[in-house]
Amino acid sequence: MFNKIIKLIIAAGILAFAVYQFTEGNIGNGIMLILLSLIFVFLYFKNEFILLAFLKLRKQDFEGAKKWLDKIKNPETALVAKQQGYYNYLHGLMVSQSNMNEAEKFFKKAVELGLSMDHDMAMAKLNLSGIAFSKRRKIEAERLLAEAQKLDKQGMLTDQIKMMKENMKRAQMPNQHFGAGGSIRAQKRRG
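Caption draft 1: A nonpolar patch on the surface, seen in detail. On the surface, a nonpolar cluster with roughly 560 Å² of combined accessible area is contributed by Phe22, Ile27, Ile31, Met32, Leu35 and Leu38. At 5 residues, helix α2 (residues 27–45) tops the list of elements feeding residues into the nonpolar patch. Tracing the backbone through its elements, the reader meets Leu35 in helix α2.

Dropping the structure here:
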């Protein structure tokens, strides 16, 4: 993996050589070199290891995705801000299966850094809402759920949002006990 600045330097070098090829009359070589330089520009904006980790996650291969993400040694220098957001987002998705506290940290960092797609931001906020709800922070959970619903413009998370709202409603309903209810002390006084 190349540092993000090195990718731009390589792209500029290839582009300069493409211009040289054009001046020499080698049009085909020049066009091919321009296309090659575009690959490095693309990889500046979309990190190759994050793309490969996304492919592994689509196949539910968490170990494979973790291997690809572990190849990014220093995310602050190797990645652009949005890529750092996705780096944390992917870590949050993988860790959410086992450690909710760590997943919350990753999702909060991803939301703070920003994600380029609204669907991904909605998914991160939905996960944060679920974590906040499980930690009994109802107001924060409802706010995050409302934000996730606003961001889900294509309706891809409609079912999950609906389920989360139903779970929140069920949790706030009072438990009704029929028969001799009350505390044990009150039952002893009656009996």
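Moving on from the coordinates now.
Caption draft 2: Representation of unusual backbone geometry. A positive phi angle, close to 60 degrees, is found at Gln60, a residue other than glycine. One non-glycine residue, Arg136, lies in the positive phi region at around 65 degrees. Along the chain, Arg136 falls in the loop between α8 (118–134) and α9 (138–151). Residue classification places Arg136 among the exposed residues on the basis of a relative accessible area of 78%.

Caption draft 3: Main features of the packing of aromatic side chains. Scanning the model with the defined rule gives 6 aromatic pairs in all. Judged by centre distance (5.7 Å) and plane angle (25 degrees), the rings of Phe49 and Trp68 are stacked. A residue pair is termed long-range when its members are at least 10 positions apart, and Phe49 in helix α3 (residues 48–58) and Trp68 in helix α4 (residues 62–70) qualify at 19 residues. Residue classification places Phe49 among the buried positions, given a relative accessible area of 11%. With centroids separated by 5.7 Å and ring planes inclined at 65 degrees, the aromatic side chains of Phe54 and Tyr86 adopt a geometry described as edge-to-face. Residue Phe54 is found in helix α3, and its partner Tyr86 is found in helix α6 (residues 81–95); the two are separated by 32 residues along the sequence. What links up through ring pairs into an aromatic cluster is the set Phe54, Tyr86, Tyr89 and Phe107.

Caption draft 4: Region of interest: the packing of α3 against α6. The geometry of α3 relative to α6 is characterised by a closest axis approach of 11 Å and an angle of 25 degrees between their N-to-C directions. With respect to α6, the axis of α3 lies roughly parallel. α6 is crossed by α3, and the crossing has left-handed handedness. Across from Ile50, Ala53, Phe54 and Leu57 in α3, the residues of α6 making contact are Gln83, Tyr86, Tyr87, Tyr89, Leu90, Leu93 and Met94. Counted by class, the contact of α3 with α6 contains 10 nonpolar, 1 polar and no charged residues.

Caption draft 5: Quick peek at α3. Residues of α3 that are buried: Glu48, Phe49, Ile50, Ala53 and Leu57. Next to the buried residues of α3 lie α1 (4–24), α2, α4 and α6. The N-capping residue of α3, defined by a side-chain oxygen 2.8 Å from the backbone nitrogen of Phe49, is Asn47. Looking at the residues trailing α3, positive phi occurs at Gln60, about 60 degrees.

Cut-off values and rules
Residues numbered from 1 in each chain as written. Predicted model: local features only at pLDDT ≥ 70, side-chain atom pairs only at ≥ 80, totals over all residues. Heavy atoms only, no water. Patch = residues over 30% accessible without salt bridge, like charges linked within 9 Å, V, L, I, M, F, W, Y side chains within 5 Å. Areas by Shrake-Rupley, 256 points an atom, 1.4 Å probe, with all protein chains shown as cover. Salt bridge = Lys/Arg side-chain N within 4 Å of Asp/Glu carboxyl O. Helix = DSSP H or I, 4+ residues; strand = E, 2+ residues; numbered from the N terminus. Buried < 20%, exposed > 50% of the residue type's maximum accessible area, 1.4 Å probe, protein only. Phe/Tyr/Trp six-rings, centres within 6.5 Å; stacked < 30°, edge-to-face > 60°. Axes fitted to C-alpha atoms, helices over the stretch in contact; angles between N-to-C directions. Parallel < 35°, antiparallel > 145°, perpendicular 65-115°, else oblique. Left-handed = near helix turned anticlockwise from the far one by under 90°. Contact = heavy atoms within 4.5 Å. Nonpolar A, V, L, I, M, F, W, Y, C, P; charged D, E, K, R; others polar. Polar contact = N/O pair within 3.5 Å; in protein donor to acceptor, adjacent residues only side chain to side chain.

Geometric values such as these leave the question of function open.
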